[in-house]
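Report on the structure
If you want the building blocks of each chain, they are given just below.
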Amino acid sequence: MTLPALHNTGVLYRRILSQFPQDISLAFAYGSGVFKQQGTSQGQMEKNMLDFVFAVDDPVTWHTMNLLQNRKHYSILKLLGPAMISSIQSDHGAAMYYNTLVPMDGRIIKYGVISTERLIDDLMHWKTMYAAGRLHKPVKLLGQADNGKLRAALVANLKSAVTASFLMLPESFSEEELFLQIAGLSYAGDFRMVIGEDKSKVANIVNDNIEHFRILYSNILRDCPQVVYKPQQGKLEVDKSPEGQFIQLMALPRTLQQRITKLVDPPGKNRDVEEILLQMAQDPDCGTVVQQGMWKTVSYSSKKLRKMWKGWRRKPSVSPTS
């Protein structure tokens, strides 16, 4: 099963992708330069930066090749060589190395490079939710290798976004409310939503892209035993019984489960996760605690990235930008 996304790459995207080393396990474009957002004209879209992410199996080899092909994309860090660049990528922030403000084919682009292994880990466990959060929203899929673990992780990430959102929503809600909740997951606790970014960013992302969200999530919603999905009416009803919520809590990514257990388990008690989540499933404030766990997951990553951003104000960066 491939990631449900828009597959019409277009000549521009194919031309841009052809200028990079081709050993890429996943390539996608995202953001306001790719998908129309509310209040943005076509003319403005064409002026916006194009954002890309490339997942690669061997970052050292990929950066070696890219330094030969696109040396000007890198700042002074190119003098440190591909091994050091890969080390910086791996050891800091969200394990993604960005080159930004790159002129290419009449547009300005930025691109992030992440190892396939670290991408799969974030998709499965939401350790930083930086890459995972990008892929909760519609993306333009440009290329995907035949990698079973990656395919499974991409689908698991979408299912996790649905499950977390179910826990934070009431028993009945609309498609639009679900998609707003999903799109907002990766912004909970993000310092950029407090300073320097449009506070209505999430609504702007969703309102003009409802159909793209449907393409991404409709199969998951139809197959999910926890919800009654009425696509023609655009309505959903989710199981809010303690049993239903326990199943949903147990299906959450590991990092979010750990955040939740730390919030509700007194220090020193050291109960197992299943026991704590069983208790949580019966709590009327279950959704609020899940939301707090999301906030802690994203704010932890956001603070790390913000601190690093202060030291990387120049051209390249390790995952601080949107």
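As shown above, the structure is provided for reference.
Residues numbered from 1 in each chain as written. Predicted model: local features only at pLDDT ≥ 70, side-chain atom pairs only at ≥ 80, totals over all residues. Heavy atoms only, no water.

**So, the overall build of the chain**
Regarding its fold elements, the chain presents 14 helices and eight strands. In the chain, buried positions account for 54% of the 322 residues. Within the chain, contacts between residues at least 6 apart in sequence are counted, and of these 69% link residues at least 24 apart. When the accessible surface of the chain is split by element, carbon and sulfur atoms take 53% of a total near 14900 Å². (Helix = DSSP H or I, 4+ residues; strand = E, 2+ residues; numbered from the N terminus. Buried < 20%, exposed > 50% of the residue type's maximum accessible area, 1.4 Å probe, protein only. Contact = heavy atoms within 4.5 Å. Areas by Shrake-Rupley, 256 points an atom, 1.4 Å probe, with all protein chains shown as cover.)

**Here we look at helix α8 (residues 175-184)**
Here α8 has its buried residues at E175, L178, F179, Q181, I182 and A183. Those residues of α8 hidden inside the fold are in contact with α7 (148-168), β6 (172-174), α9 (201-207), α10 (210-223), β7 (227-230) and β8 (235-238).

**Some remarks on the packing of helix α5 (residues 116-125) against α7**
Packed helix pairs are specified by the crossing angle of their axes together with the interaxial distance, meaning the distance between the axes. Relative to each other, α5 and α7 sit at 30°, their axes nearing to 8 Å. Considering their axes alone, α5 and α7 lie roughly parallel with respect to each other. In the crossing of α5 with α7, the sense of the turn from one axis to the other is left-handed. Residues L119, I120, L123 and M124 of α5 pack against K149, L150, A153, L154, A156 and N157 of α7. (Axes fitted to C-alpha atoms, helices over the stretch in contact; angles between N-to-C directions. Parallel < 35°, antiparallel > 145°, perpendicular 65-115°, else oblique. Left-handed = near helix turned anticlockwise from the far one by under 90°.)

**Things to note about empty space enclosed by the protein**
Tallying each qualifying case throughout the model produces three cavities of 30 Å³ or more. Top element by residues in the lining of the second largest cavity is α5. It accounts for three residues. Its residues assigned to classes, the lining of the second largest cavity comprises three nonpolar, one polar and four charged. (1 Å grid on protein atoms, 1.4 Å probe; cavity = no way out; pocket = protein on both sides within 12 Å on 5 of 7 lines; lining within 4 Å. Points joined across faces, edges and corners; volume = space filled by probe spheres on them. Nonpolar A, V, L, I, M, F, W, Y, C, P; charged D, E, K, R; others polar.)

**Examining the environment of S87**
Position of S87 among the secondary structure elements: in helix α4 (residues 82-91). Take S87: its relative accessible area is 30%, and that puts it in the partly exposed class. Sequence separation between S87 and V60 is 27 residues; the distance between their C-alpha atoms is 8.5 Å.

**Here's the deal with the packing of helix α11 (residues 242-250) against helix α13 (residues 273-281)**
Viewed as axis vectors pointing N to C, α11 and α13 meet at an angle of 140°, and their least axial separation amounts to 8 Å. Relative to α13, the element α11 lies oblique. Read as a crossing pair, α11 and α13 show a hand that is right-handed. Between α11 and α13, the contacting residues are P242, Q245, F246, L249 and M250 on the first element and E274, L277, L278, M280 and A281 on the second. Tallied by class, the residues present in the contact of α11 with α13 amount to eight nonpolar, one polar and one charged.

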